[in-house]
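This is what each chain is made of:
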Amino acid sequence: MNSNLPEGAIIRRMSAQEVQDLVEWAGDEGWNPGINDAQCFWNLDPEGFLAIAENDKVIGGGAIIRHGDNFGFMGLFIVSNSHRGKGLGTKLWFARRDRLLSRLNDHGTIGLDGVDAMVPFYEKGGFTPFTRHRRFQLTQSASGSIRSEQIVDVASISLPMLVDYDSQCFPVRREQFLMEWTKQKNAVSLAFVTGGQLLGFGVMRPCLMGWKIGPLFADSIEVADALFQSLQLASNGMPIFLDVPDNNAPAMALCRKYKMQEVFGCVRMYYGPAPLLDHRRIFGITTLEVG
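Thresholds applied
Throughout this description, residue numbers start from 1 for each chain and increase along the sequence as written. Reporting of local features is limited, given that this is a predicted model, to residues whose pLDDT is at least 70; pairs of side-chain atoms are given and counted only at 80 or more, and all residues count toward the totals for whole chains, interfaces and linings. With hydrogens and water set aside, each side-chain value is computed from the structure's full complement of heavy atoms. A run of DSSP states H or I qualifies as a helix once it reaches four residues; a run of E qualifies as a strand once it reaches two. Both are numbered from the N-terminal end. It is over C-alpha atoms that the radius of gyration is taken, and the globule rule equals 2.2 Å times the number of residues to the power 0.38. For each residue, the accessible area found with a 1.4 Å probe, counting protein chains only, is set against the maximum for its type, and the residue is called buried under 20%, exposed over 50%, and partly exposed in between. Any two residues having at least one pair of non-hydrogen atoms within 4.5 Å are treated as being in contact. Computed with a 1.4 Å probe, the accessible areas rest on the Shrake-Rupley method; for each residue, only the protein chains presented here act as cover. One bridge is not enough; two strands pair if DSSP finds at least two bridges between them. By this rule, a helix spans an expected 1.5 Å times one less than how many residues it contains. Under the pairing criterion, centres of Phe, Tyr and Trp rings, with the six-membered ring standing for Trp, must be within 6.5 Å; the plane angle then separates stacked pairs below 30 degrees from edge-to-face pairs above 60, leaving the rest tilted. To define axes, lines are fitted to C-alpha atoms, for helices over the stretch in contact only, and angles between the resulting N-to-C directions are given on a 0 to 180 degree scale. The cut-offs work like this: below 35 degrees is roughly parallel, past 145 is roughly antiparallel, 65 to 115 is roughly perpendicular, and the gaps in between are oblique. Following the grouping adopted for this structure description, the nonpolar residues are Ala, Val, Leu, Ile, Met, Phe, Trp, Tyr, Cys and Pro, the charged ones are Asp, Glu, Lys and Arg, and the polar ones are all others, Gly among them. The set of buried Ala, Val, Leu, Ile, Met, Phe, Trp, Tyr and Cys residues whose side-chain atoms join them within 4.5 Å is what this entry labels a nonpolar core.

Novice: So what exactly am I meant to see when it comes to the overall build of the chain here?
Specialist: For the chain, the count of helices and strands is 8 helices and 13 strands. Expected size for 291 residues packed as a compact globule is a radius of gyration near 19 Å; at 19 Å, the chain falls within 12% of this value. Each principal axis of the C-alpha atoms in the chain carries an extent, and together these give about 60 × 40 × 30 Å. The buried share among the 291 residues of the chain stands at 55%. Taking the contacts inside the chain whose residues are at least 6 apart along the sequence as the reference set, 73% of them involve residues at least 24 apart. Total accessible area computed for the chain in this model is approximately 12600 Å², and 50% of it derives from carbon and sulfur atoms.

Structural data, given as structure tokens:
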């Protein structure tokens with residue numbers, strides 16, 4: 001893995017502090033990470049981060065999260081400004097892909113979200129475009145927001161019920177992650193329940209600027225709308241961001257309803273077969289960094 005690198009450079013696993021530093025780099029790049037992202041991501045997979053270091057100083061890194069035997073995710077890929085254009089990022093990217101493949105079953109799938117300029121590079125690396133993810137920002141209050149009696153705190157929902165629902169919208173069951181993600185400091189996590197049935201849930205976490213909602217999974221636009229309005233009540237008027245997939249037309253309609261502004265876009269790509277998910281329920285993905 002370290003062959004053909006400049007003298008003094010190596011590719012190795014990252015420490016928890018280095019992941020924290022990487023998330024801070026993401027903030028400097030304008031990616032607006034969540035306040036608790038570094039710890040949540042690390043707890044998800046402590047072996048899931050790879051760095052390129054020069055004389056033991058990290059100059060680039062990225063996540064290679066193993067979600068299960070058959071699915072992993074690559075994200076949070078950054079090389080320091082002073083080391084760009086030297087081919088080091090390419091070497092790190094392929095090392096990350098190959099390391100993650102080695103941690104999955106033979107026919108496992110890897111997902112990533114790539115900016116438009118990088119799509120051709122990722123295609124050469126074996127990835128196929130699947131759908132576009134668009135980041136929308138709420139720039140004005142969703143007038144008439146109400147907290148429905150059917151909206152409850154996620155903490156009141158049994159973890160198995162929550163995981164069952166989430167597993168229809170994400171490729172693997174992620175009990176530990178959901179338990180930590182929904183309970184992270186200062187986050188707002190709500191569920192829509194009627195007749196004892198869970199019809200959707202959403203998590204709004206604090207970021208360097210405002211909030212991000214993710215995931216936002218729901219049976220219908222009406223349920224997603226109710227969750228969105230209820231989450232907005234806790235935003236204290238700060239900006240709210242939502243990463244929405246193109247292949248869910250009602251999700252796009254929800255953003256139009258509130259005149260949300262598109263501020264960023266990327267392409268979800270897969271190495272291997274695309275996971276079979278209930279895309280009509282995915283109104284907002286969890287993260288662009290770890291899936």
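Novice: Would you explain the pairing of strand 3 (residues 57-66) in this entry?
Specialist: Every other side chain in a regular strand lies on the same face of the sheet, so the side chains alternate between the two faces. Across the 10 residues that make up strand 3, a large majority, 8, are buried. The antiparallel hairpin formed by strand 2 (residues 49-54) and strand 3 contains 2 residues in its connecting segment, where Asn 55 sits at a positive phi of about 55 degrees. With 6 bridges connecting them, strand 3 and strand 4 (residues 71-79) associate as antiparallel partners. In the strand pairing of strand 4, Arg 66 is matched with Gly 72. The hairpin formed by strand 3 and strand 4 contains 4 residues between the paired strands.

Novice: Any chance you could explain the environment of Thr 109 here in plain terms?
Specialist: With respect to the helices and strands, Thr 109 occurs in strand 5 (residues 109-114). Residues Thr 109 and Pro 171 lie 62 residues apart in sequence; the distance between their C-alpha atoms is 9.5 Å.

Novice: Would you mind showing me how to read helix 7 (residues 221-232) here?
Specialist: Within an α-helix, residues lying three or four positions from one another point in the same direction, as the helix has 3.6 residues per turn. Spanning 12 residues, helix 7 covers 16 Å between terminal C-alpha atoms, matching the ideal 16 Å at 1.5 Å per step. Considered for burial, the residues of helix 7 that qualify are Val 223, Ala 224, Asp 225, Ala 226, Leu 227, Phe 228, Gln 229, Ser 230, Leu 231 and Gln 232.

Novice: Any chance you could explain the packing of aromatic side chains here in plain terms?
Specialist: Each aromatic ring pair is specified by the distance between its two centres and by the angle formed by the two planes. Inspection of every chain in the model, using the stated rule, returns 15 aromatic pairs. Pairing Trp 93 with Phe 94 gives two aromatic rings, centres 4.9 Å apart and planes at 90 degrees, and the pair type is edge-to-face. You can call Phe 94 partly exposed: its relative accessible area is 28%. Look at Trp 93 and Phe 121: their rings are 5.0 Å apart centre to centre, the planes differ by 65 degrees, and that puts the pair in the edge-to-face class. Separated by 28 residues along the polypeptide, Trp 93 in helix 3 (residues 88-102) and Phe 121 in helix 4 (residues 119-124) bring together distant segments of the chain. Under the relative-accessibility criterion, Trp 93 is labelled buried at 1%. Ring pairs connect the aromatic residues Trp 93, Phe 94, Phe 121, Tyr 122, Phe 127 and Tyr 271, which therefore count as one cluster.

Novice: Looking at this structure, I do not really get the packing of helix 5 (residues 159-166) against helix 6 (residues 175-182). What am I missing?
Specialist: For any two helices packed against each other, the geometry comes down to the angle between their axes and how far apart the axes lie. Closest axis-to-axis distance for the helix 5/helix 6 pair is 10 Å, and the angle between their directions is 105 degrees. Here helix 5 lies roughly perpendicular to helix 6, going by the angle between them. In contact with Leu 159, Leu 162, Val 163 and Asp 166 of helix 5, helix 6 contributes Glu 175, Leu 178, Met 179 and Thr 182. Considering only residue class, the contact of helix 5 with helix 6 consists of 5 nonpolar, 1 polar and 2 charged.

Novice: When you look at the nonpolar core in this model, what are you seeing that I'm missing?
Specialist: Across soluble globular proteins, nonpolar side chains have a tendency to be buried as a group. If you look at the biggest cluster of nonpolar residues, it comprises 28 residues, and the most contacted ones within it are Ile 213, Leu 216 and Met 260. If you list the elements that add at least two residues to this core, you get strand 6 (128-138), strand 8 (188-194), strand 9 (197-206), strand 10 (211-218), helix 7, strand 11 (240-245) and helix 8 (249-257). With residues up to four places along the chain from it excluded, the contact list for Leu 216 reads Phe 201, Gly 202, Ala 224, Leu 227, Leu 242, Leu 254, Arg 281, Ile 282, Phe 283 and Gly 284. In terms of nonpolar packing, the next biggest core, distinct from the first, is built from 21 residues, Leu 5, Ala 95, Val 119 and Met 269 among them.

Novice: Help me out: how do you make sense of the environment of Glu 123 in this one?
Specialist: With respect to the helices and strands, the residue Glu 123 is situated in helix 4. Along the chain, Glu 123 and Ile 282 lie 159 residues apart, while their C-alpha atoms are 25 Å from each other. Every residue in contact with Glu 123, bar those within four places of it in the chain, is listed here: Pro 129 and Met 269.

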